[in-house]
Amino acid sequence: MSGARGERLARGLCLAAGALVLLGSLLPLWECTLRARQYPDEPIRVVLYAGGLGGDLDELGHLNQYIGVHLPASMPELHAIRIFLVVMGGALLLAGLFSGRAGRFARRGAALVLGLGLAGVIFVGQKRLYQIGHDRYAHAPIVGVPDFTPPVLGPAQVGNFHVLSLPASGGWLLATALFAAGAAGLLPKRGERRLV
């Protein structure tokens, strides 16, 4: 691939990554599904958006009070996710407009910040899930349910509930954006070697 063609591809991938991040910020990012025998027809769902939670929160709240679990009244990190995604989407779009050495630097920097930021979001999410399963009311009606940590990604058994946490549509778009931004940061290679 020639340097010019690689440059165009890198810029296109970076622009696509920016658009995917902005679109992903508007869609559900993560979903946790809880299945149990007492809910044979429809599982309980918790959905995370950039800026808030949705899903069956009332039903989850009724269940949680029996085992002393409570969702925090305020989760400022959810609003920080929205700001981060909007800023990153704009940064990737801007980085896709530049070419040459400045463009390569901007694309690589944006891809790195996006990757670190998404890793941070996953870390903070797992920490919050740990707190929810461990910082429980001491005088809950049902005792004997041990502390638990639902995974931010993957399956778990919590009491009689089978829990499955997966990216939602926006989360998959962010993963795709990270892949595209990483590829944009690595291109072009051959043309660079010839010019040096």
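This is a predicted model, so every value here is computed, not measured.

**Q** Got a sec to walk through the sheet that holds strand β3 (residues 52–55)? Specific residues and values, please.
**A** The 5 strands lie next to each other as β3-β2-β1-β5-β4, forming an open sheet whose pairing is antiparallel. Across the chains shown, the open sheet's two edge strands, defined by having one partner strand only, are β3 and β4 (154–158). Strand-to-strand twist of the sheet, defined as the mean angle between neighbouring strand axes without regard to direction, takes the value 20°. The pairing of strand β1 (residues 30–35) with strand β2 (residues 44–49) spans 5 bridges and is classified as antiparallel. For Cys-32, the partnering residue across the bridge sits in β2 and is Val-46. The strands that helix α2 (residues 57–67) touches are β1, β2, β3 and β5 (161–167); relative to β2, the one it contacts most, it runs at about 120°.

**Q** Describe the nonpolar core, listing the residues and the values that go with them.
**A** Core analysis: the largest hydrophobic core is formed by 42 residues, its most contacted members being Val-21, Leu-85, Leu-92 and Phe-161. Mapped by element, the contributors of at least two residues to this core are α1 (3–24), β1, β2, α2, α3 (76–95), α4 (100–134), β5 and α5 (169–186). Beyond its immediate stretch of four places on either side in the chain, Val-21 contacts Leu-85, Met-88, Gly-89, Leu-92, Leu-114, Leu-174 and Ala-177.

**Q** Tell me about α2, and name the residues and values.
**A** Among all positions in α2, only Leu-60, Leu-63, Asn-64 and Ile-67 are buried. Here the buried residues of α2 occupy an arc of 100° about the axis, which is enough to place them on one side. Buried residues along α2 sit in contact with β1, β2 and β5. Looking one or two residues past α2, Gly-68 carries a phi angle of roughly 80°, positive in sign.

**Q** Can you lay out the packing of aromatic side chains for me, pointing to particular residues and giving the numbers?
**A** Applying the stated criterion to the full structure yields 1 aromatic pair. For the pair Tyr-39 and Phe-161, a centre-to-centre distance of 6.2 Å together with 35° between the ring planes defines the contact as tilted. Here Phe-161 lies in strand β5 and Tyr-39 lies in the loop between β1 and β2, a separation of 122 residues in the sequence. Here the two residues Tyr-39 and Phe-161 agree in accessibility, since each one is buried.

**Q** Quick rundown of the confidence of the model for the protein chain? Include the residues and the values.
**A** In this model, the protein chain carries an average pLDDT of 88, and 94% of its residues clear a pLDDT of 70 or more. Taken together, the stretch residues 191–196 has pLDDT below 50 and engages in 3 contacts with residues farther than four places along the chain or on a different chain.

**Q** Before we move on, can you summarise the side chain of Ser-165 with the specific residues and values?
**A** One can find Ser-165 in strand β5. Polar contacts involving the side chain of Ser-165 include one to the main-chain carbonyl oxygen of Pro-151, which spans 2.9 Å. When residues no more than four places from it in sequence are discounted, the contact partners of Ser-165 are Trp-30, Glu-31, Cys-32, Pro-151, Val-152, Leu-153 and Gly-154.

**Q** Summarise the pattern of salt bridges; cite the residues concerned and give the values.
**A** Tallied over the entire structure, the rule returns 4 salt bridges. Two residues, Asp-147 and Arg-136, come together in a salt bridge whose shortest N-O distance is 3.0 Å. Placement of Asp-147 in the loop between α4 and β4 and of Arg-136 in the loop between α4 and β4 is noted, with a sequence separation of 11 residues between them. What makes Asp-147 partly exposed here is its relative accessible area of 44%. Of the residues examined, Arg-136 reaches a relative accessible area of 18% and is grouped as buried.

**Q** Could you give an account of a negative patch on the surface, with specific residues and numbers?
**A** A cluster of acidic side chains, namely Asp-41, Glu-42, Asp-56, Asp-58 and Glu-59, defines a negative patch on the protein surface. By secondary structure assignment, the location of Asp-41 is in the loop between β1 and β2.

**Q** Kindly report on the pairing of β5, identifying the contributing residues and their values.
**A** Working note: regular strand, side chains alternate between the two faces of the sheet. Note: β1 against β5, 6 bridges, orientation antiparallel. Note that in β5 the partner of Cys-32 across the bridge is Ser-165. Strand direction decides the pairing type here: β4 and β5, joined by 5 bridges, are antiparallel. In the strand pairing of β5, Pro-155 is matched with Leu-164. The antiparallel pairing of β4 with β5 creates a hairpin that spans 2 residues between the two strands, and Gly-159 there sits at a positive phi of about 60°.

Calculation rules
Residue indices begin from 1 for each chain and proceed along its sequence in written order. At least 70 in pLDDT is required for a residue's local features to be given in this predicted model, at least 80 for side-chain atom pairs to be given and counted, and no such filter applies to totals for whole chains, interfaces and linings, which use all residues. For the side-chain quantities, the full set of heavy atoms in the structure was used; hydrogens and water were omitted. For two strands to be treated as a pair, DSSP must find no fewer than two bridges joining them. Every helix listed is a DSSP run of H or I at least four residues long, and every strand listed is a run of E at least two residues long, numbered separately from the N terminus. Note on definitions: angles span 0 to 180 degrees between N-to-C directions of axes, and those axes are lines fitted to C-alpha atoms, for helices only across the stretch in contact. In this analysis, two residues are considered to be in contact whenever any of their non-hydrogen atoms come within 4.5 Å of each other. Among the buried residues, those of types Ala, Val, Leu, Ile, Met, Phe, Trp, Tyr and Cys that are joined through side-chain atoms within 4.5 Å form a nonpolar core. Partly exposed describes any residue whose relative accessible area lies between the buried limit of under 20% and the exposed limit of over 50%, with all areas from a 1.4 Å probe on protein chains only and scaled to the type maximum. Arc definition: directions from the helix axis to the C-beta atoms. Between rings of Phe, Tyr and Trp, where Trp is taken as its six-membered ring, a pair exists when centres lie within 6.5 Å; planes separated by under 30 degrees are stacked, by over 60 edge-to-face, and by other angles tilted. Every residue carries a pLDDT, the predictor's confidence in it, which falls somewhere between 0 and 100. Each polar contact in these results corresponds to two N or O atoms within 3.5 Å; when the atoms are within protein, one needs to be able to donate a hydrogen and the other to accept it, and residues that are neighboring in sequence are counted only if both atoms are side-chain atoms. When a carboxyl oxygen of Asp or Glu is within 4 Å of a side-chain nitrogen of Lys or Arg, the pair counts as a salt bridge. A patch is a set of surface residues, each over 30% in relative accessible area and not in a salt bridge, joined within 9 Å for like charges and within 5 Å for the nonpolar side chains Val, Leu, Ile, Met, Phe, Trp and Tyr. Method for areas: the Shrake-Rupley scheme with a 1.4 Å probe, in which residue coverage is limited to the protein chains shown. Residues scored as positive are Lys and Arg, those scored as negative are Asp and Glu, and His as well as the terminal groups of each chain are ignored. Taken as the charge centre is NZ of Lys, CZ of Arg, CG of Asp or CD of Glu, depending on the residue.

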